[in-house]
Amino acid sequence: MGRTVKLTVNGQEVSREVEPRLLLVHFIREDLNLTGTHIGCDTTSCGACTINMDGKAVKSCTIFAVQADGRSIETIEGMAQNGLHPLQEGFWEKHGLQCGYCTPGMIMCANAFLKENPQPTEEEIRWAISGNLCRCTGYVKIVEAIQYAANKIQAQAAQPSETKEVVA
Ligand code: FES
Ligand code: FES
C-alpha cells in the first residue's frame, strides 16, 4: 500500500505515491530522475548519496522517502541555479575531482557545512567531510576546493548590493 509524500525538491513542490520501504535515495534517483545523487555502498559509509534536507547534510540511503514528507530537500541538480555555485567552481578550479563519483555528495556535505561554518579551518573542513569517501583524490584538492568556495562566498557577501540604475 503506497503513501503520498509531499516535499520540496530544489525549490519545486513534488507529490508522489511511494512504498513505505522505499529509501529516499531511490526515490530521488528513480522516481524523480535526479541521478546526480549517487549510491556507492550499502553500509552507510561512503556519503555519495548525501543531499541537504532542511539545510542539513543527510545520507539519503539512510532514511525512507516517507520520512522526507513535508521537508525541503536540495540535490546537486539544485546547486547551479544562476551559474555554477562557488563549491562547483571550487572543485573545477582546484581540481577537486577525478572520477567524480564522490563529488555530488562532497558538494552537498560541504554546502550544509559552510552554512554553519562560513570560515572554516582546514582541520574543520576535514572533519566535516569525514563521512564522505573519495577513492581518487587523496582529499587535499577537495579541501582546497571547499576553502576556495568559503572564500568566494565570503567575498560575495562582502560586496555592496548592486547599485540601482537611477532614471533621470
Ligand atoms: Fe554510501 Fe549512502 S550510498 S552512504
Ligand atoms: Fe573519484 Fe572521489 S573523485 S571517488
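Predicted model only: the values in this text are computed from it and were never measured.

The volume enclosed by the largest pocket comes to roughly 190 Å³. The wall of the largest pocket is formed by Gly40, Cys46, Ala48, Cys99, Tyr101, Cys102, Leu133, Cys134, Arg135 and Cys136. In the lining of the largest pocket, the residues fall into eight nonpolar, one polar and one charged. Each pocket or cavity is described by its volume, and for the second largest pocket that value is around 160 Å³. Mapped onto the lining of the second largest pocket, the elements with two or more residues apiece are strand S4 (56-59) and helix H3 (103-116). Broken down by class, the residue content of the lining of the second largest pocket amounts to six nonpolar, three polar and three charged.

Here we come to unusual backbone geometry. A positive phi angle is found at aspartate 54, which is not glycine, with a value near 50°. With respect to the element layout, aspartate 54 can be found in the loop between strand S3 (50-53) and S4. Non-glycine residue tyrosine 139 carries a positive phi angle of around 75°. Along the chain, tyrosine 139 falls in the loop between helix H4 (122-128) and helix H5 (140-158).

What follows is about H3. Helix length check: H3, at 14 residues, gives a terminal C-alpha distance of 20 Å against a target of 20 Å (1.5 Å per residue), a fit within 8%. By the criterion of burial, H3 is predominantly enclosed, with twelve of the 14 residues buried. Every buried residue belonging to H3 is among Thr103, Pro104, Gly105, Met106, Ile107, Met108, Cys109, Ala110, Asn111, Ala112, Phe113 and Leu114, and all of these are buried. Buried residues along H3 sit against S3, S4, strand S5 (72-74), helix H2 (86-93), H4 and H5.

A few words on the pairing of strand S1 (residues 3-9). Each regular strand displays side chains that alternate between the two surfaces of the sheet. Where S1 meets strand S2 (residues 12-18), seven bridges bridge the pair, whose relative direction is antiparallel. Following the sheet pairing, arginine 3 is matched in S2 by valine 18. Here S1 folds back onto S2, and the loop between the two strands holds two residues, one of which, asparagine 10, carries a positive phi near 50°. Where S1 lies against S5, two bridges are found, and the strand directions are parallel. Bridging across to S5, valine 9 finds its partner in isoleucine 73.

Here we take up the side chain of threonine 8. Here threonine 8 lies in strand S1. Here glutamate 13 takes part through its side chain, which lies 3.5 Å from a polar atom of the side chain of threonine 8.

In this section: the nonpolar core. Counting residues in hydrophobic clusters, the biggest one holds 21 residues, and the most contacted among them are Leu87, Phe91, Ile142 and Ile146. Elements with a minimum of two residues in this core: H2, H3 and H5. Sort the elements by how many residues they give to this core and H3 lands first, with seven residues. Contact partners of leucine 87, with chain neighbours within four places excluded, come to Met79, Ile107, Ala110, Asn111, Leu114, Ile146 and Ala149.

For the structure shown, the criterion picks out five salt bridges. Where lysine 141 meets glutamate 144, a salt bridge forms, and the shortest distance between an N and an O atom there is 3.5 Å. You can see lysine 141 and its partner glutamate 144 sitting in helix H5, three residues apart, about one turn around the helix. On the basis of relative accessibility, which here comes to 30%, the residue glutamate 144 falls in the partly exposed class.

Definitions and limits used
- Residues numbered from 1 in each chain as written.
- Chains lettered and ligands numbered in written order.
- Predicted model: local features only at pLDDT ≥ 70, side-chain atom pairs only at ≥ 80, totals over all residues.
- Heavy atoms only, no water.
- 1 Å grid on protein atoms, 1.4 Å probe; cavity = no way out; pocket = protein on both sides within 12 Å on 5 of 7 lines; lining within 4 Å.
- Points joined across faces, edges and corners; volume = space filled by probe spheres on them.
- Nonpolar A, V, L, I, M, F, W, Y, C, P; charged D, E, K, R; others polar.
- Helix = DSSP H or I, 4+ residues; strand = E, 2+ residues; numbered from the N terminus.
- Expected span 1.5 Å × (residues − 1).
- Buried < 20%, exposed > 50% of the residue type's maximum accessible area, 1.4 Å probe, protein only.
- Contact = heavy atoms within 4.5 Å.
- Pairing = 2+ DSSP bridges.
- Polar contact = N/O pair within 3.5 Å; in protein donor to acceptor, adjacent residues only side chain to side chain.
- Core = buried A, V, L, I, M, F, W, Y, C linked by side-chain atoms within 4.5 Å.
- Salt bridge = Lys/Arg side-chain N within 4 Å of Asp/Glu carboxyl O.

Geometric values such as these leave the question of function open.
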